[in-house]
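The primary structure of each chain is shown beneath.
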Amino acid sequence: MLGFVAGRVLDNEWEIENIVVAGPARRRGFGTRLLGEFLELARCRGAQAVFLEVRESNLAARRLYEKWAFVQSGRRKLYYREPEEDAIVFRLGLA
């Protein structure tokens, strides 16, 4: 397996809980493809928005989400542990 995306439906909003791409497969477009497929599924099923949290230091993931027009909509102080770190909340409107 090269990667996966995990998410859930919360009424008319969808949440991305995790996108994982195996080390050797990184930087080959798999994350972009997984995210694109997830967003297409959300659109087809009537989602109005998609949101997620990402570690502030995870610049590669943040760039991926910004590439797809996600915008920063908040911050969760010390959301992550080991190491402690803020989460940046991203949101993408689909309507």
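See the structure above.
Below or above, wherever it landed, is the structure these notes cover. Just so you know, the residues in each chain are numbered from 1, in the order the chain's sequence is written. Reporting in this predicted model follows two pLDDT cut-offs: at least 70 for local features of residues, and 80 or more for side-chain atom pairs to be given and counted; totals over whole chains, interfaces and linings ignore these cut-offs and use all residues. To obtain the side-chain values, all non-hydrogen atoms of the structure were used and water was disregarded.

**What about the side chain of arginine 62?**
Thought 1: Segments assigned H or I by DSSP are reported as helices when at least four residues long, segments assigned E as strands when at least two residues long, and all are numbered from the N terminus. You can see arginine 62 is positioned in helix α2 (residues 59–67).
Thought 2: Despite its burial, arginine 62 pairs with no opposite charge, the nearest such side chain being glutamate 66 at 4.8 Å.
Thought 3: A distance of 2.6 Å separates a polar side-chain atom of arginine 62 from the backbone oxygen of glutamate 56.
Thought 4: Residues are treated as being in contact if the distance between any of their heavy atoms lies within 4.5 Å. Setting aside residues no more than four positions away along its own chain, arginine 62 makes contact with Val54, Arg55, Glu56, Gln72, Ile88 and Phe90. In this scheme, a residue with accessible area under 20% of its type's maximum is buried, one over 50% is exposed, and one in between is partly exposed, where area comes from a 1.4 Å probe on protein chains only. Charge assignment in this entry is limited to Lys and Arg as positive and Asp and Glu as negative, and neither His nor the chain termini are counted. What counts as a salt bridge is simple: a side-chain nitrogen of Lys or Arg found within 4 Å of a carboxyl oxygen of Asp or Glu. As used in this structure description, the phrase polar contact means that two N or O atoms lie within 3.5 Å; if the pair is within protein, one of them must be able to donate a hydrogen and the other to accept it, and residues adjacent in sequence are counted only when both atoms belong to side chains.

**Some thoughts on the packing of aromatic side chains**
Thought 1: For Phe, Tyr and Trp, where Trp contributes only its six-membered ring, two rings pair if their centres lie within 6.5 Å, and the inter-plane angle classes them as stacked under 30 degrees, edge-to-face over 60, or tilted in between. All told, the structure shown has four aromatic pairs when counted by the stated rule.
Thought 2: Look at tryptophan 14 and phenylalanine 38: their rings are 5.6 Å apart centre to centre, the planes differ by 75°, and that puts the pair in the edge-to-face class. A residue pair is termed long-range when its members are at least 10 positions apart, and tryptophan 14 in strand β2 (residues 13–21) and phenylalanine 38 in helix α1 (residues 30–44) qualify at 24 residues.
Thought 3: Tryptophan 14 sits in the buried class, given a relative accessible area of 6%.
Thought 4: Residue phenylalanine 38 is classed as buried on the basis of its relative accessible area of 8%.
Thought 5: Between tyrosine 79 and tyrosine 80, the ring centres sit 5.0 Å apart and the planes meet at 90°, which makes this aromatic pair edge-to-face.
Thought 6: Classification of tyrosine 79 by relative accessible area gives partly exposed; the value is 40%.
Thought 7: In this structure an aromatic cluster arises from ring pairing among Tyr65, Phe70 and Phe90.

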